[in-house]
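# Descriptive analysis of the structure
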Amino acid sequence: MTEPFTIRCRENGPLLLPATCKIVDHLGNEFAIPPGKEMIALCRCGQSKNKPFCDGSHKQCGFLAAEIAVKPPT
């Protein structure tokens, strides 16, 4: 069984995930991931000029997203 990969939510920034994943559009077309990348950043603010990838626009637009995962009850 394959271990699931981790998607990290950066505080007030993009989603980070391993570049080994495949990202496709709503028609099933694959987005090209630049070679040599270990991680990719996906835009969450909606302001990137390079969607679905992050271009750092969240820093200028005041994007806030500092969600914290709720720990399951023990």
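In short, a report on the structure. Here the structure is a predicted model, which is why all the values come from computation and not from measurement. (Residues numbered from 1 in each chain as written. Predicted model: local features only at pLDDT ≥ 70, side-chain atom pairs only at ≥ 80, totals over all residues. Heavy atoms only, no water.)

What follows is about the overall build of the protein. For the protein, the count of helices and strands is 1 helix and 3 strands. In sequence order, the protein lays out its α and β elements as β-β-β-α. Computed over its C-alpha atoms, the radius of gyration of the protein comes to 14 Å, more than 25% above the 11 Å expected for a compact globule of 74 residues. Viewed in the frame of its principal axes, the protein has a C-alpha envelope of about 40 × 40 × 25 Å. Across the 74 residues that make up the protein, the buried fraction comes to 24%. Partitioning the intrachain contacts of the protein with sequence separation of at least 6 by distance along the chain shows that 30% fall at a separation of at least 24. Carbon and sulfur atoms provide 55% of the accessible area of the protein, an area that totals close to 6100 Å². (Helix = DSSP H or I, 4+ residues; strand = E, 2+ residues; numbered from the N terminus. Rg over C-alpha atoms; globule rule 2.2 N^0.38 Å. Buried < 20%, exposed > 50% of the residue type's maximum accessible area, 1.4 Å probe, protein only. Contact = heavy atoms within 4.5 Å. Areas by Shrake-Rupley, 256 points an atom, 1.4 Å probe, with all protein chains shown as cover.)

Here 3 strands make up an open sheet; going across it, the order is β1-β2-β3 and the pairing antiparallel. The open sheet has two edge strands, β1 (8-9) and β3 (39-42), and neither has a second partner. Bridge analysis of β1 against strand β2 (residues 15-18) gives 2 bridges, and the strand direction is antiparallel. By the bridge assignment for β2, R8 is matched with L16. (Pairing = 2+ DSSP bridges.)

A word on the nonpolar core. By size, the foremost hydrophobic cluster in this structure holds 7 residues: L17, A19, C21, I23, I40, L42 and F53. Excluding residues that lie within four positions of it along the chain, F53 makes contacts with I23, F31, A32, I33, I40, A41, L42, C43 and S48. (Core = buried A, V, L, I, M, F, W, Y, C linked by side-chain atoms within 4.5 Å.)

With that settled, consider the pairing of β3. Because side chains alternate across β3, one face comprises the buried residues I40 and L42, and the other comprises M39 and A41, none of which is buried. In terms of strand pairing, β2 meets β3 through 4 bridges, oriented antiparallel. Note that in β3 the partner of L15 across the bridge is L42.

So, on to the packing of aromatic side chains. Applying the stated rule across the entire model yields 1 aromatic pair. Aromatic pair F31 and F53: ring centres 6.1 Å apart, planes at 90°, arrangement edge-to-face. Separated by 22 residues along the polypeptide, F31 in the loop between β2 and β3 and F53 in the loop between β3 and α1 (58-61) bring together distant segments of the chain. On the basis of relative accessible area, F53 is assigned to the buried category, the value being 11%. (Phe/Tyr/Trp six-rings, centres within 6.5 Å; stacked < 30°, edge-to-face > 60°.)

We now examine the side chain of H58. Among the secondary structure elements, H58 is positioned in helix α1. H58 gets classed as buried once you look at its relative accessible area, which sits at 12%.

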